[in-house]
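One letter stands for each residue in the lines below.
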Amino acid sequence: MNSATSASPDKAGRFSGWFSRAKSGIDALPMHLPVRLGNAGMTQTKAAPVRVLGFDQALVWVTVALLAWGLVMVYSASIALSDSPRFARAGYTPTYFLTRHAASLVIAAIAGLLAFQVPMKTWERAAPWLFVASLLLLVAVLIPHIGINVNGARRWLPLGFMRFQPSELAKLAMVLYAASYMVRKMEIKERFFRAVLPMGVAVVVVGMLVMAEPDMGAFMVIAVIAMGILFLGGVNARMFFVIAALVVVAFGTIVATSPWRRERIFAYLDPWSEEHALGKGYQLSHSLIAIGRGEVFGVGLGGSVEKLHWLPEAHTDFLLAVIGEEFGLLGVLLAIGLFLWLTRRIMHIGRQAIALDRVFAGLVAQGIGIWIGFQAFINMGVNLGALPTKGLTLPLMSFGGSAILMNVVALAVVLRIDYENRVLMRGGRV
């Protein structure tokens, strides 16, 4: 026992000395040890930091591309309008519509940046009040000496720096209000009268005000937005088809009781007839001439003939026809592809938000996707002769200050939803 005890300090000392020498040897080694595999030498490298983008850059660049292309095409389609006696008397210059459209883009960009800063919780709280504000503006535009009457339609309010169209605000307000409504009624969404009927009343009220302008195209978009959000919000499929049938009957009744709308339908069915070619079918026939003249590759930017006082409203409702004439089939397919990608991407962001248990944000994004996609579909269908003529602009591209403004604000809201999705996926809070 005594010998063991006396030997232990020596062993401990030798172990301690060996450990100290080993540690000092390790400390002396380089931090990046070379590793040789065959004839190739490799060294350890520091891990690069992972950069997580705060927003969907592809969505931003596609939006910017459509806005920039729209600016160029508005200038191309409107440059000759100053030669028309109608516009010459008003003192319009060749760059009149270009400068106004560019100013609208600047205003829209500022509004979009501000809208992006607003959290979705704030949008949810403000949704009912924004809906009421849109109703008040829809009433105001019908009051004489307040609303501006253009070609028999009273749709605009003068704001000095631009003419504002309340029906464009009503589209965004309907998206927010319908999404908020479905979140609040989620527990009773299977009951028709308690869940669906109040929303139907809201759509009817908006529809009556919009139809009084009249603006059937805007009413169609608003009705489809509301129906789409109800369906995506989980309303019973049988209820949805009942609502869809009622909407179809309502639109059929409107067309049947309106002689000039019936003429548009007949002109759409046969735009080349002697009766319609110079009447209700005039715009459609010249739109088809423009697209046919463009063939596959187009006649070149600025080379359109139809925009020279043949095709009315070439810079607004029939901008795609000018694109078809100047850029051909390839230009039309590119425009369709960009809008298809944009709509699909917005819907994906909405599904992602719902997967993160953010139902309101998800329904808002999908509602905006329905809005942009459906309106682009209608405008393109009209320009290509697949649908009857309807006064709807091409989103993000056609001339129109309030339309551009609300389109950009809506997409800024989508980017905000995507930003909050990314924050939550990184473990943050919104």
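As the structure is a prediction and not an experimental result, all values here were calculated from the model.

**Overview of the nonpolar core**
Core analysis: the largest hydrophobic core is formed by 108 residues, its most contacted members being Met174, Met199, Val364 and Ile417. The element contributing the most residues to this core is helix α13 (residues 359-383), with 13 residues.

**Regarding the sheet that holds strand β4 (residues 153-158)**
Strand order in the open sheet formed by 3 strands is β3-β4-β5, and the pairing between neighbours is antiparallel. Because the sheet does not close on itself, it has two edges, and the strands there are β3 (148-150) and β5 (163-164). In terms of strand pairing, β4 meets β5 through 2 bridges, oriented antiparallel. Each residue of the ladder has a partner; that of Leu157, found in β5, is Phe164.

**Some thoughts on helix α5 (residues 120-140)**
The first and last C-alpha atoms of α5 sit 29 Å apart over 21 residues, in line with the 30 Å expected at 1.5 Å per residue. Of all the bends in α5, the greatest reaches close to 50° and is centred on Ala126; the proline Pro128 follows between one and four positions later. By the burial criterion, the buried members of α5 are Met120, Trp123, Ala127, Phe131, Ser134, Leu135, Leu138 and Ala140.

**Observations regarding the packing of helix α2 (residues 57-78) against helix α14 (residues 401-425)**
Taken N-terminus to C-terminus, the directions of α2 and α14 make an angle of 170°; their axes are 11 Å apart at the nearest point. By the angle class used here, α2 and α14 are roughly antiparallel. Residues Leu59, Val60, Thr63 and Leu67 of α2 touch α14, and the partners they reach there are Ile404, Val408, Leu411, Val414 and Leu415. Among the residues forming the contact of α2 with α14, the class breakdown is 8 nonpolar, 1 polar and no charged.

**Points about the pattern of salt bridges**
All chains considered together, the criterion is met by 7 salt bridges. The salt bridge partner of Arg293 is Glu325, with a shortest N-O separation of 2.7 Å. Placement of Arg293 in helix α11 (residues 282-294) and of Glu325 in helix α12 (residues 319-355) is noted, with a sequence separation of 32 residues between them. Among the residues examined, Arg293 registers a relative accessible area of 37% and is labelled partly exposed. Take Glu325: its relative accessible area is 0%, and that puts it in the buried class. In this structure, Asp418 engages Arg422 in a salt bridge whose closest nitrogen and oxygen atoms are separated by 2.8 Å. Remark: Arg422 and Asp418 occur in helix α14; sequence separation between them is 4 residues, near one turn of the helix. Across this residue pair, the class does not change: Asp418 and Arg422 are buried.

**Things to note about the pairing of β4**
Relative to β4, β3 runs antiparallel, the two sharing 3 bridges. Looking at β4, one finds that Val150 is bridged to Ala153. Joining the antiparallel neighbours β3 and β4 is a turn of 2 residues, in which Asn151 adopts a positive phi near 55°.

Rules of the game
Residues numbered from 1 in each chain as written. Predicted model: local features only at pLDDT ≥ 70, side-chain atom pairs only at ≥ 80, totals over all residues. Heavy atoms only, no water. Core = buried A, V, L, I, M, F, W, Y, C linked by side-chain atoms within 4.5 Å. Buried < 20%, exposed > 50% of the residue type's maximum accessible area, 1.4 Å probe, protein only. Helix = DSSP H or I, 4+ residues; strand = E, 2+ residues; numbered from the N terminus. Pairing = 2+ DSSP bridges. Expected span 1.5 Å × (residues − 1). Bend = angle between axes of the 7 residues up to and from the residue. Axes fitted to C-alpha atoms, helices over the stretch in contact; angles between N-to-C directions. Parallel < 35°, antiparallel > 145°, perpendicular 65-115°, else oblique. Contact = heavy atoms within 4.5 Å. Nonpolar A, V, L, I, M, F, W, Y, C, P; charged D, E, K, R; others polar. Salt bridge = Lys/Arg side-chain N within 4 Å of Asp/Glu carboxyl O.

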